[in-house]
Structures are given as structure tokens and as C-alpha cells.
Amino acid sequence: MTAAPPSDDASPQLLWADDGSPRSGRFGDVYFSKDDGLAETRAVFLQGCGLPEAWSGRSAFTVGELGFGTGLNIVALLDLWRRTRADGARLKVFSIEGFPLTRDEAARALAAWPELAETAAGVLDAWPAGTPGFHRLDLPQWGATIDLAVGDARWALDQWSGPADAWFLDGFSPALNPGMWSPEILALVAARSNPGARLATFTVAGAVRRGLAEYGFTVEKKPGHGRKRERLEARMAGEAPTERPRHVAVIGAGIAGAAVARALIAEDARVTVVEAERAGAGASGFPASLVTPRLDAGDAFIAGFHAQALERAGSLYRALPGAVVAEGVLQLEQAPRDAARFDKIAAQPLWPEGAMQRLAPAACAERLGEPTTRGGLMMGQALATRSSAILEPWLAGAERAAGRAAALEATRDGWRVKGEDGDVLVEADAVVLAAGWGSARLMPDLPLSPVAGQADWIEGTPPPLPVAWGGYAAPTGDGMLYGATHDRGVKAAEASDAASARNQATLAAALPALAEVVDQTPAEARGRRVAVRATTPDRLPLCGAWGETGLYVLTGLGSRGFCVAPLLGEHLAALIMGRSSPVQLDHGHRLSPARHDNVAEDH
């Protein structure tokens, strides 16, 4: 498995010329022409790729770029897209940057082009942390998303699913940065291109021309811009693929089903959600949910995937009114080994500066408002959310088919979902099984195990901050949720006084003052609920195609559903729609149901 390079010494070593233009001290080259960088971008890359004509009549268009830099090319691209796109059309951008600029540095550079100010502001508002890996930037106001890969170009292209309809090759010059123009890079660009894809670059270096031609592009020299005599345009053989509408049935209306439905609708699919009761009727229906990553000091995949998932979940939840109840979750140490483990996790380059802070017991006690002998890890990006403010908005654009799915039947053209009395609930091109533990009833071969859990809540008194330690206490907006029991192998459970007592004891062992508040809360201001979660043998979700063509699953999310479902919903939608995924290919393979020997994933 390839891994993103570490972030050590990832600074571009930015220098500023007297005229205000930026220059990379690392490569000794300029980011854009000081004379007229915007005109150069438009001539070399936009016109060089035949834009906007190339996306005319297309409902979706993907642009790949080597060398994100200041973001000027992409801001100019978005400015053109805003003015020329068809209603409902969607633009995807995949760009790579090994040495990312900060938001403030990019803002200073882009300020040179006042005519792009509004578009630049939209990109800057979504500017990602410069941590290694893939980052998705949302620009829903323009029907666009940017996936920025921070790391080595070869690694990023190897990990991106593609395909692109156009390419901007804009790394620093081949003489100064030869690794960006190697045969391996050009081969990967070709492999990640649609038939008919266009490519543009400022360089006419012989090695680049020969490499592009060797990997299937027809290459032409064109008149250059400004002081540059020539530039290159290239085109992959074939014609752009024909797009067709897709109808997808999603079984389940918890966080997994809602996340898939939202992502599919964003990809212009028609979606029908099949749900027996209501949104959040299962494990997603508690008054609040903690959005926390699975922490791992040794497995780079687990740590990296959950860091990306947490970033994506936070971005999407913050866009929903009332969804975020509190930001920052304190994870207390549970065992003596946790102190050293938390030290390693806080030092991982995956987290933005200050996002993982180690706290001594005294600092934890100050934040909790009561004494504790435990140190902790303050997870600044983690959240407490209100489930109801997430599920319904994400399901709003889907059709609904009421009924309990009892059987799936393949047809010549797709799938049929049948109810308990044999009636057809929906027919669709593809089906996504996202029903949590209920997925096992429809697909007994799925490697799922049930874990029943009861959580209790009180009205009126929230905890000082969201906190977890094995148990947890989370604000609900009008009180506190705490728990939860963890009963493996229990397929059906009822809320009980015994489970409430266990939750009270768990709370008292860690936070006795908070438990005292619960003791004094009258019965009429208390509530409780039990649900069954689905887990897998390796505690990782199942996300991908399952066996037969057109059948997909997103389940086995355990207790991390509100953290991982938003990103995995987009990954699954990309697989179904043939679009580029925000998830690294290695990560997708690790999460695929194909990792279990009893089924081969359909590609």
C-alpha cells in the first residue's frame, strides 16, 4: 500500500517580488506571470482545453490539474464555469499540490486579480488545511467541488479514481521540477483520462511531448502567450462517454442512507429511499451524536481515513442549520497506555495545527468543572450534533417508498425491491443497502454482528463540554445524552432500568459531579432509548459493490456512523455514477466488502 508522504518540510518557501507576485523559493520559479498571469491562464489552460465549448451539453465535467499553487487556474476555471454552465451541471476538479500555500498566502496572491474577487472569495472560504491526503472543498453555489490532494504527484495520481475530461499540467518547469513531468506521471495522467480528454500545458519540452504521445495523446504545438513562443495542446483518442440518468434505491434512512441519498442527489441521480418507519428509526435516532474519529497510533490507513472523514463530516454538518450543538470533544484516558498513545496521535501530521491537544489532568478538570485524575486529548474538530437536523435535510430531495424491504430481485435492467407481502416497493437501476443491522436480514452473508446499546438523557443541564472515556456525555441542545451500554450479540433489545443503572454507574465512575446532576433530575425530565448497531470483524465499515452488478452496501459503521458516513456516502455515489471519488483508492479497497473472502467485488 502506498502512503501519502509525511508533511515534514512541506513549505513552498514562499517569496514575494517587489511587484507583489509570489515565487517558490523551493523550486526557484514563479507561480504566475507577473505581466499578466490571468490572461496566461485563460490562454494556455482554459482555451487550450477548449473551454467552455468542451463542457457544453454535459451534465458533469471533470478537470484534473498538476500544480494547484495559488489556486489561480482553478479560480479562473470557476469564473468561466459560473458564466457558461448549463442549469444543474456539475464541475469536479482534482488538483495536486506537494507544498501547499496557507489561506492567507493564497489570498495575497489572488488579490492581484480584482475581477476574480467574488470567485476567489468562494474558494478561500473553503480553503483546506495543508495536511497530507485528500481534501474535498464544496462550492455548492456554483455546482462545483474541488478535491485537493496534498502530497507527491505520483502518489496522488495513483490514488485518484479519475477520470478527467481535461487536464491542466502546471507544475513548475521541467528543468526545475522534473519529478512532476516524469514518464510515470504522464502514464498516470493518461490512465486517468476519459476518451476525448483535452490537455494543456505551457511547456513544449521534448520529453513531455514524447511522453504524452507515447501514452495515447495527439500532441500539437500552439503559439505561446506573452514571452513564451509556444505551448502544448493534446487530446486523447475517442469521444467523451455518453451519460445516462440513473435511478438508485437506497434502503434505510439512518445516517448511512441519508448520506448516500444526499451524495447521489448531488451527482444528479434520481433517488428513492425505502424505509419501514421514519428517518432515524434505528441507531441514528438518538437526540444527539458524537462525531469522533477512530484514533490509531500505528495503522496509517485507520488514522488517515478517519482524519479525512472527520474533516468532511464537519464541513457538511456546519452547513446545516442547527446540526452542530458543540465543537470540540474531550477524550479522557482510560488505561495507563493511553498517555503515550495520545502523545503519538497528537503528533500525527494528519491534523491541522492545534486540532489535537494533549491535556494534563488539571487542564481536563478545569474544562470539565470537576476534579479528575485522567489526562486527555482535546479533539478540536470533533463535534456533538443533533441527528434530526441532519437526516431530514439530506433526505429532502429523495422520493420515499414506505415499507419494510424483505427481498431484492435482480431484473434484466436493474433491481426490484419487494416488501413483506411480496409487493414491489421500487424498481431501480441500482440498489444501496444502508440499513445498519437490518442489512443482515436482507443479505445474511454480510459479515455483520449486532451490538445493542441503550443511552439515557436528561433535560435542562448539558455537560460543560462533550466528553468520552469509554462512556460519553454529550449536549443535546436542551439537555444531556449519556451512556451507552454495549451488549454484543444482542439482536433485539428493550430499554430497561438495569441498562439505565449501568449508564449511571459509568457516568459516576468518570464524572461524579455530573452523575449527581442526573440523580437529582426528576423522572419526567428523563428519557432513554435502545438500538442495535452493526459491526464488522475488523471494526471497519463495509462500503462498495456487493457481488452482483448494481448492488452496493454501506453498513457496519458501528459507533462511528456520524463521522464516516458523509465521506463514504460520497465515495459510494461516485462508484455508482462513474464519477471521481474523494476517497483514496487504497482506502476504498480496504473498506470494500471484497476484503472478505466470501464475495468478489464487481467492478
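Keep in mind the model is a prediction, meaning the values are calculated, not measured. (Residues numbered from 1 in each chain as written. Predicted model: local features only at pLDDT ≥ 70, side-chain atom pairs only at ≥ 80, totals over all residues. Heavy atoms only, no water.)

Across its full length, the chain holds 17 helices and 30 strands. The C-alpha atoms of the chain give a radius of gyration of 25 Å, which matches the 25 Å a tight globule of 603 residues would have. Along the first, second and third principal axes, the C-alpha set of the chain runs to 80 × 60 × 40 Å. Counting all 603 residues of the chain, 56% fall into the buried class. Accessible surface for the chain amounts to roughly 24100 Å². Of this, 49% is attributable to carbon and sulfur atoms. Here the chain carries 58 positive and 71 negative side-chain charges, and the mean point of each set is 2 Å from the other. (Helix = DSSP H or I, 4+ residues; strand = E, 2+ residues; numbered from the N terminus. Rg over C-alpha atoms; globule rule 2.2 N^0.38 Å. Buried < 20%, exposed > 50% of the residue type's maximum accessible area, 1.4 Å probe, protein only. Areas by Shrake-Rupley, 256 points an atom, 1.4 Å probe, with all protein chains shown as cover. Lys, Arg positive; Asp, Glu negative; His and termini not counted. Charge placed at Lys NZ, Arg CZ, Asp CG, Glu CD.)

It is worth spelling out the UniProt feature "domain: FAD dependent oxidoreductase" (unreviewed entry) in the chain at this point. In this numbering, the UniProt entry assigns the feature "domain: FAD dependent oxidoreductase" (unreviewed entry) to residues 247-575. As a span, residues 247-575 carries 29% helix and 31% strand, and end to end its C-alpha atoms are 14 Å apart. (UniProt positions renumbered as here; feature names shortened; annotations may be inferred.)

Another point: the confidence of the model for the chain. Of the residues in the chain, 96% have a pLDDT of 70 or more, and the chain-wide mean is 93. Across residues 1-7, where pLDDT falls below 50, the model places 18 contacts with residues more than four positions away in sequence or in other chains. (pLDDT = per-residue confidence, 0-100. Contact = heavy atoms within 4.5 Å.)

Attention now goes to the side chain of Thr41. Along the chain, Thr41 falls in helix H1 (residues 37-46). Judged by its relative accessible area of 4%, Thr41 is buried. If we skip the residues at most four places from it in the chain, Thr41 touches Leu46, Leu72, Asn73 and Ala76.

Within the largest apolar cluster, 76 residues are counted, with the highest numbers of intra-cluster contacts made by Val250, Leu264, Tyr317, Trp394, Val432 and Ile576. Residue contributions to this core peak at 10 residues, all from helix H16 (residues 561-577). Counting 73 residues, the second-largest nonpolar core is a separate cluster that includes Ala109, Leu110, Leu124 and Ala200. (Core = buried A, V, L, I, M, F, W, Y, C linked by side-chain atoms within 4.5 Å.)

Moving on to the pairing of strand E19 (residues 407-410). Note: E19 against strand E20 (residues 415-418), 4 bridges, orientation antiparallel. For Glu409, the partnering residue across the bridge sits in E20 and is Arg416. (Pairing = 2+ DSSP bridges.)

Spatial strand order, E18-E13-E12-E22-E30-E29: 6 strands in an open sheet with mixed pairing. In this open sheet, the two edge strands, each paired with only one partner strand, are strand E18 (399-402) and strand E29 (542-545). With strand direction ignored, the average angle separating the axes of adjacent strands in the sheet is 20°. Strand direction decides the pairing type here: strand E22 (residues 430-433) and strand E30 (residues 551-555), joined by 3 bridges, are parallel. Following the sheet pairing, Val432 is matched in E30 by Tyr552. Strands in contact with H16 are strand E12 (247-251), E22, E29 and E30; relative to E30, the strand with the most contacts, it is inclined by about 175°. (Axes fitted to C-alpha atoms, helices over the stretch in contact; angles between N-to-C directions.)

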